[in-house]
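Residue-level listing of the chains:
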Amino acid sequence: PGNVEQVIAKPDGSQFYIIGTNGIQSVTPAFSASSFTTIAGISGSATAAALSPDGKYLYVGATGLYIVNTSTNTVIPNSIPINGAYIAGIAFSADSQHTYILTNAAVGSAISQVSTSNQSLVGQPLALPNGCATSSNATPLLVNGFSIPLGGPVCSMTMSPNQLIYVSNGYSVYGVNPVTM
């Protein structure tokens, strides 16, 4: 695959996901030419991706939020209302029951909580005081393995081992309790 930006392994090592500007592919551990399969149904270049700790779902931010069922490598239809925003980060709870989506839009950044059992938004998104900073140097930046184009947002999100969400948005670092949001 060309323009690889991230490789994500299922927890049991049975499958790998190759994320790049040319799309997303699944591959078996053999990594032979015939073991690569393109994941269909995702439009646009990936801006963020994460695999649930139980290995059931691959969440991908591109022109919207795409949820891949990793047992079939097919996109699950969803109507989670975060289309149109730049998806800058994705993190899962340790029990794989929730995922957290960091978005950046003209009015600022926000964290949305999604239930993985029914692919629905939980509560209201948490608005952060600042939007993501924008890249302004002469070359694109890499954030979490993804290339950020010139003028694009620079922010990231991770889930800590003690299950707190940390967001870096270029100006500040926020710690968020996912239980209370």
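Before reading on, note that the structure itself is shown above.
Quick summary incoming for the structure in this document. (Residues numbered from 1 in each chain as written. Predicted model: local features only at pLDDT ≥ 70, side-chain atom pairs only at ≥ 80, totals over all residues. Heavy atoms only, no water.)

On to empty space enclosed by the protein. Per the stated rule, a full pass over the model turns up one cavity of 30 Å³ or more. Reported here for the largest cavity is a volume of approximately 40 Å³. As for the largest cavity, its lining consists of Gly20, Thr21, Gly23, Ile24, Ile42, Gly44, Ser45 and Ala46. Classifying every residue of the lining of the largest cavity gives three nonpolar, five polar and no charged. (1 Å grid on protein atoms, 1.4 Å probe; cavity = no way out; pocket = protein on both sides within 12 Å on 5 of 7 lines; lining within 4 Å. Points joined across faces, edges and corners; volume = space filled by probe spheres on them. Nonpolar A, V, L, I, M, F, W, Y, C, P; charged D, E, K, R; others polar.)

A sheet is described by the order of its strands in space; here four strands give the open sequence E9-E10-E11-E12, paired in antiparallel fashion. Across the chains shown, the open sheet's two edge strands, defined by having one partner strand only, are strand E9 (86-92) and strand E12 (120-127). The sheet shows a mean angle of 20 degrees between the axes of neighbouring strands, direction not considered. (Pairing = 2+ DSSP bridges. Helix = DSSP H or I, 4+ residues; strand = E, 2+ residues; numbered from the N terminus. Axes fitted to C-alpha atoms, helices over the stretch in contact; angles between N-to-C directions.)

Mapped onto the fold, Leu58 is located in strand E6 (residues 57-61). Residue classification places Leu58 among the buried positions, given a relative accessible area of 0%. Sequence-wise, Leu58 and Asn73 are 15 residues apart; in three dimensions their C-alpha atoms are separated by 9.0 Å. Apart from residues no more than four positions distant in its own chain, Leu58 is found in contact with Ile8, Tyr17, Ile24, Ala50, Leu51, Tyr66, Ile67, Val68 and Thr70. (Buried < 20%, exposed > 50% of the residue type's maximum accessible area, 1.4 Å probe, protein only. Contact = heavy atoms within 4.5 Å.)

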